[in-house]
Amino acid sequence: MTNSDIKILIVDDEEDILEFVGYNLRKEGYQVITAGNGDEAVTLARQHVPQLIILDIMMPGMDGIETCREMRDIELLKNTVITYFTARSEDYSQIAGFDAGADDYITKPIKPRLLISKVAALLRRYRISDEKPETGSSADDLIIDREAYEVHFKSRSFTLPKKEFELLALLVSKPNRVFTREEIYARIWGDDIIVGERTIDVYIRKIREKLGTDNIVTIKGVGYKYEQ
């Protein structure tokens, strides 16, 4: 897949931001779609199914977190990488953003070369995830079905946002084996992507809540494992 095959949706209520980001990404050969608000973004995302969405958090009307949550409910966008574009760094915003299904953050202001590098890193994660073989894994009464992108646990079947699914699948792939935090970051987010220190903790908490299980064990100062 070349840059010309890749669609990137930029969502921001500030026209100058749309122009700045759009100009620099088009120079790299990407297909760029822009939206000025959340409602328009959801419509365009359904229509174009972009590989990457860069989404401003602070927008009037439906803000970025609400927009992300609505996008994550769209089956066509299950593999789309969503990153926030924000000047805010408060923990509560990041936690709420990850809870809604975001993959990462890009902090304003950002220089063009760093923007391009960040986008390339995010897209590498998309490609790695998209190219994974459609196989499943299981541990006791938990089954990961990659082909259907579903989790089956104790007679229940449900879907998880992309990063939660990939994180759970990683832990379940080798039950009782401890995955270090560094390894999880590299395998799920990629070495080139900088995320907050609490990112993994937020995702683990959400997975535990949805499964209603304590099988995911924290190894303090090391990482996590799925315990059979």
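Just so it is clear, the structure is predicted and the values come from calculations on it, not from any experiment.

About the cut-offs
- Residues numbered from 1 in each chain as written.
- Predicted model: local features only at pLDDT ≥ 70, side-chain atom pairs only at ≥ 80, totals over all residues.
- Heavy atoms only, no water.
- Helix = DSSP H or I, 4+ residues; strand = E, 2+ residues; numbered from the N terminus.
- Buried < 20%, exposed > 50% of the residue type's maximum accessible area, 1.4 Å probe, protein only.
- Contact = heavy atoms within 4.5 Å.
- Areas by Shrake-Rupley, 256 points an atom, 1.4 Å probe, with all protein chains shown as cover.
- Pairing = 2+ DSSP bridges.
- Axes fitted to C-alpha atoms, helices over the stretch in contact; angles between N-to-C directions.
- Expected span 1.5 Å × (residues − 1).
- Right-handed = clockwise from strand over helix to strand, strands pointing away.
- Core = buried A, V, L, I, M, F, W, Y, C linked by side-chain atoms within 4.5 Å.
- Patch = residues over 30% accessible without salt bridge, like charges linked within 9 Å, V, L, I, M, F, W, Y side chains within 5 Å.
- Salt bridge = Lys/Arg side-chain N within 4 Å of Asp/Glu carboxyl O.
- Lys, Arg positive; Asp, Glu negative; His and termini not counted.
- Charge placed at Lys NZ, Arg CZ, Asp CG, Glu CD.

Asks: Can you break down the overall build of the protein residue by residue, with the values?
Replies: Looking only at helices and strands, the protein has eight helices and twelve strands in total. Per-residue burial over the protein gives 50% buried out of 228 residues. The contacts of the protein with a sequence gap of at least 6 include a subset with a gap of at least 24, amounting to 60%. Taken as a whole, the protein presents about 10,900 Å² of accessible surface, with 48% of it coming from carbon and sulfur.

Asks: Lay out the sheet that holds strand E11 (residues 216-219) in plain terms, naming residues and giving numbers.
Replies: Whenever strands of a sheet pair, they do so through backbone hydrogen bonds, lying parallel or antiparallel. Strand order in the open sheet formed by three strands is E10-E12-E11, with antiparallel pairing between adjacent strands. Across the chains shown, the open sheet's two edge strands, defined by having one partner strand only, are strand E10 (179-180) and E11. On top of the sheet, helix H6 (residues 162-173) reaches E10, E11 and strand E12 (223-226); it is set at about 70 degrees to E12, its chief contact. Across the sheet, helix H8 (residues 199-211) is in contact with E11 and E12; its angle to E11 comes to roughly 150 degrees.

Asks: With reference to specific residues and values, describe H6.
Replies: With twelve residues, H6 should reach 16 Å at 1.5 Å per residue; the first-to-last C-alpha distance of 16 Å fits that figure. Along H6, eleven of the twelve residues are buried, which leaves the element largely enclosed by surrounding structure. Among all positions in H6, only Lys162, Lys163, Glu164, Phe165, Glu166, Leu167, Leu168, Ala169, Leu170, Leu171 and Val172 are buried.

Asks: So what's going on with the pairing of strand E1 (residues 7-11)? Which residues, and what values?
Replies: In regular strands, side chains alternate between the two faces of the sheet. Across the five residues that make up E1, a large majority, four, are buried. Judged from the five bridges that link them, E1 and strand E2 (residues 31-35) form a sheet pairing that is parallel. Note that in E2 the partner of Val11 across the bridge is Ala35. Read as a crossover between parallel neighbours, the route from E1 over helix H1 (residues 15-27) to E2 is right-handed. Here E1 pairs with strand E3 (residues 52-56) via four bridges, running parallel. Looking at E3, one finds that Leu9 is bridged to Ile53.

Asks: Explain the nonpolar core residue by residue, including any values.
Replies: In globular proteins that are soluble, nonpolar side chains generally tend to be buried together. Membership of the largest hydrophobic core comes to 52 residues, with the highest contact counts inside it found for Leu9, Met71, Tyr84, Leu142, Leu168 and Ile184. Of the residues forming this core, the biggest block, seven residues, is contributed by H6. Excluding residues within four positions of it along the chain, Leu168 makes contact with Leu142, Ile144, Val151, Leu160, Ile207, Leu211, Ile216 and Tyr226. One finds Leu25, Leu52, Ile116 and Leu122 within the second-largest nonpolar core, a separate group that totals 20 residues.

Asks: Explain the sheet that holds strand E5 (residues 104-107) to me, and be specific about the residues and the numbers.
Replies: Pairing within the open sheet is parallel, and its five strands lie in the order E2-E1-E3-E4-E5. Single-partner strands in this sheet number two, and they are E2 and E5. Sheet twist, expressed as the average angle between the axes of neighbouring strands with direction ignored, equals 20 degrees. Of the strands in this sheet, E1, E2 and E3 are in contact with helix H2 (residues 38-48), which crosses E2 at around 150 degrees. Along the sheet, helix H3 (residues 64-72) contacts E1, E3 and strand E4 (81-86); its crossing angle with E4, the most-contacted strand, is approximately 175 degrees.

Asks: Talk me through the side chain of Lys206; I want residue IDs and the actual numbers.
Replies: By the secondary structure assignment, Lys206 is in helix H8. In this structure Lys206 comes out as buried when scored by relative accessible area, which is 17%. Not counting chain neighbours up to four residues away, the residues in contact with Lys206 comprise Asp99 and Glu164.

Asks: Run through a negative patch on the surface, naming residues and quoting values.
Replies: Together, Asp13, Glu14, Glu15, Asp16 and Glu19 make up a region of like negative charge exposed at the surface. Relative to the elements of secondary structure, Glu19 occurs in helix H1.

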